[in-house]
Amino acid sequence: MVGAGFCGIGMAIQLKRHGYQDFVVLERAEGVGGVWRENTYPGCACDIESHLYSFSFAPNAHWTSLFPGQEEIWKYLRDCVDRFQIGSHIRFGHELIEARWEKNSNRWRIETPHGIFHARILITATGALNLPSVPDLPGLSRFQGKRFHSAEWDHTVDLIGKRVAVIGTGASAIQFVPEVQKRAAKTVLFQRTPAWVLPRNDHPLTNRQKKWFRRFPILQKIERLRLYLYHEAFGVAFRKSKYMEKAKSVALRHMKQAVKDPGLRAKLTPNYMMGCKRILISDDYYPALAQSNVEVVTERISEIRERSVVTSDGTEREVDVLIFGTGFRVSDFVFAKCVYGSRGHSLLDGWNGSATAYRGTMSAGFPNWFCLLGPNTGLGHNSILLMVEPQMKLILKALRYMRRKQVAFLDVKPEAEKRYVEFVDERSRQTVWLSGCKSWYLDKTGRNSTLWPMSVGQFRRKTVSFRPSDFQRVRSER
Ligand code: NAP
């Protein structure tokens, strides 16, 4: 397996719980946690409630708040590693260089800086948000101040009293901008596209609540179910835009409460359909933007100079620190260029600019390869872990089937994959994501290759049933 973030840890736990011992987890970093280890920017937290943003098989009665912060989530993951004793399976510093299917041995040959591994099964669990994207702005290399991306926060830079420029207004930026605003003398926020922002209504979980969850785990399960159903109901709005109108009025009211200046409100009001880009949640973003030490700039950046940012209207703003909240190269799945299947080409070549996979998990010509959080498994409305768990179940079913039937390898049939992808594309056309805005949900061909276009329940039902007829199966030689 490749990757020891949320997905890799969860899969390792499930393998172990189901009696598999002979596996290793290759992790390029020196610690577990993936994005929750990497993203340490101030204010970093999850925008899904803690009871739902945790494994169903590893509940945690100790969450301190409804929306846990980065440190708490990272600790949860480290605790899972200890609790289920999977640490001994993890090989740190083992970046995947290349994985190649070897027809002669029906094995994956996996190359890492510390040697070659041979495995019957390859599971990639590398996530989608690990390649920071920094725009190639004219003159950027000339900038003399400090600069960093939100996913590579430089904690040695003291922002107190500084003039800070922030580029980007996505899910990361709206979390760290309020923290920057509190410290900096001046924060200049360069906004290309405003986001729709809903209230987060975060609050601490009381000791009494935690005690009840500890004593009666069923209560936490009920709370999880309640949150799941609430988010599922909201998901309908992504397919039926009239429901989005209600959410839109909540978002506009939320903005009006905090931002009294109509000019600033006009700048912050999106002109695209709500949900087309990720809907953000925050209680402190708008109040921070309303402060006198914040300027929201909507003109395009035309140039970066040694100590300033120049916009298309010719205005030059002096800044000491430049922070990129400009997101990730999401459609560049990290593993795709280094996984080579039975026909000798890589996944990236086969995808031809648009990633596809049968149930977001398998691809024809890549025998015994499984991918967690692959193409079309992202969500705009619910906990991503609810998508990963059915994928894990599918993998476990496939492994059990292979063992029972003495199958050397499973390769999804191209027609089964094609059928699945056509279904996903057809459903995507009915969503708000293809309503005309530009978002990272769409790849360079304009196709939605990122999000699942239906409910979580529908993904679960489609994914957990293992259909042997969808696969070419080659039996092991006895
Ligand atoms: P993002 O949502 O992709 O936002 C990037 C921002 O940078 C956008 O506002 C974008 O503007 C702007 N931008 C990009 N290139 C630019 C350029 N050349 N000039 C000016 N602006 C530019 O990235 P993110 O905020 O890091 O979030 C990425 C994803 O991480 C999220 O969607 C979410 O899935 C995940 N995340 C989750 C949480 C959580 O709580 N669970 C927290 C943080 C992040 P445009 O909109 O115009 O492109």
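Residues numbered from 1 in each chain as written. Predicted model: local features only at pLDDT ≥ 70, side-chain atom pairs only at ≥ 80, totals over all residues. Heavy atoms only, no water.

Participant: How should the side chain of Asp470 be read in this particular structure?
Facilitator: On the secondary structure map, Asp470 appears in the loop between α13 (456-464) and β20 (471-475). The class for Asp470 is buried, based on a relative accessible area of 5%. Residue contacts for Asp470: discarding those within four places in its chain leaves Tyr358, Arg359, Asp411, Val412, Lys413, Ala416 and Arg419. (Helix = DSSP H or I, 4+ residues; strand = E, 2+ residues; numbered from the N terminus. Buried < 20%, exposed > 50% of the residue type's maximum accessible area, 1.4 Å probe, protein only. Contact = heavy atoms within 4.5 Å.)

Participant: Please explain the sheet that holds strand β4 (residues 107-112) as it appears in this structure.
Facilitator: By definition, the strands of a sheet pair up through backbone hydrogen bonds, in either a parallel or an antiparallel sense. Taken in spatial order, the 4 strands make up an open sheet running β5-β4-β3-β17, and their pairing is mixed. Every interior strand has two partners, whereas the edge strands, β5 (115-119) and β17 (339-340), have only one. Here strand β3 (residues 98-102) runs beside β17; their pairing, made up of 2 bridges, is parallel. Residue pairing in the sheet places Ala99 in a bridge with Val339 of β17. (Pairing = 2+ DSSP bridges.)

Participant: Help me out: how do you make sense of α13 in this one?
Facilitator: One full turn of an α-helix is made of 3.6 residues, so residues set three or four places apart face in the same direction. Listed as buried for α13 are Val456, Gly457, Phe459, Thr463 and Val464. The buried side chains of α13 occupy one side of the element, clustering within an arc of 160° when seen end-on. Structurally, α13 contributes buried residues whose contacts are with α6 (217-235), α11 (385-405) and α12 (414-428). (Arc of directions from axis to C-beta.)

Participant: What is the right way to read the state of the cysteines from this model?
Facilitator: One way to say it: the disulfide is the covalent bond shared by the sulfur atoms of two cysteines. Taken as a whole, this structure holds 1 disulfide when the rule is applied. The disulfide partner of Cys276 is Cys437, and the S-S distance across this bridge is 2.1 Å. Classification of the bridge connecting Cys276 and Cys437 rests on its S-S torsion, roughly -100°, and on that basis the disulfide is left-handed. Within this pair, whereas Cys276 is found in the loop between α8 (262-268) and β11 (280-281), its partner Cys437 is found in the loop between α12 and α13, the two being separated by 161 residues in sequence. The residues Cys276 and Cys437 share a single accessibility class, namely buried. With no disulfide of its own, Cys44 lies 8.9 Å from the sulfur of Cys46, the closest cysteine sulfur. Its relative accessible area of 8% is what places Cys44 among the buried residues. Residue Cys80 stays outside any disulfide, its sulfur separated by 13 Å from that of Cys7, the closest cysteine. For Cys80, a relative accessible area of 2% gives the class buried. (Disulfide = S-S within 2.5 Å.)

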